[in-house]
Amino acid sequence: MDGTARHRILVCTSCKGTDPGTRPGPQLIDALRDALDQRGDTVVEVAGVACMAGCSHPCTVGFQAEGKASYVFGDLTPQDDLADILQFSDLYKLLADGWCSSVDRPGKLRRSTLSRIPALFPAAPIEAKATKTTAPMEPAE
């Protein structure tokens, strides 16, 4: 991949923050969009997701792109982890298959990986083969 394919950062909008009544997702979405706009990054889009099932690790953030492994990270905050998320976004764009070692991930993303899901590639066409049974069927005993 040359880094120009469409990439997406997903941010959970339902995760509850450490302060009662707060939800950091919308704030993180705004911060990511602003930072990407300032950099002129037109390859990465940021989208909110109603729930990413990482409730015990707020705020949950995912990365996905066609033909690449997807990642889900947890325990991220807009205040502390924005730079690391952006740095991983830059790395992820350059990875041909999306696969990287935890030591290659910046900052807290090294230890806050909740999931890495292999890429879904289009299935190869399956040729239908007619099979003919030549052995006689034997009665069950």
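A few points on the structure.

1. Focus: the packing of aromatic side chains
- Here the structure, examined in full by the defined rule, presents 8 aromatic pairs.
- Taking 4.7 Å as the distance between ring centres and 80° as the angle between the ring planes, the aromatic pair formed by Phe 63 and Phe 88 counts as edge-to-face. Here Phe 88 lies in helix α2 (residues 78-94) and Phe 63 lies in strand β3 (residues 61-65), a separation of 25 residues in the sequence. Like Phe 63, the residue Phe 88 is buried in the burial classification.

2. Here we look at the pattern of salt bridges
- Scanning the entire structure with this criterion turns up 7 salt bridges.
- Here Arg 39 and Asp 90 are joined by a salt bridge, their closest N and O atoms 2.5 Å apart. Residue Arg 39 is located in helix α1 (residues 24-39), and its partner Asp 90 is located in helix α2; the two are separated by 51 residues in the primary sequence.
- Of the residues examined, Arg 39 reaches a relative accessible area of 39% and is grouped as partly exposed.
- Residue Lys 93 pairs with Asp 41 through a salt bridge whose shortest N-O separation is 2.6 Å.

Basis of the calculations
Residues numbered from 1 in each chain as written. Predicted model: local features only at pLDDT ≥ 70, side-chain atom pairs only at ≥ 80, totals over all residues. Heavy atoms only, no water. Phe/Tyr/Trp six-rings, centres within 6.5 Å; stacked < 30°, edge-to-face > 60°. Helix = DSSP H or I, 4+ residues; strand = E, 2+ residues; numbered from the N terminus. Buried < 20%, exposed > 50% of the residue type's maximum accessible area, 1.4 Å probe, protein only. Salt bridge = Lys/Arg side-chain N within 4 Å of Asp/Glu carboxyl O.

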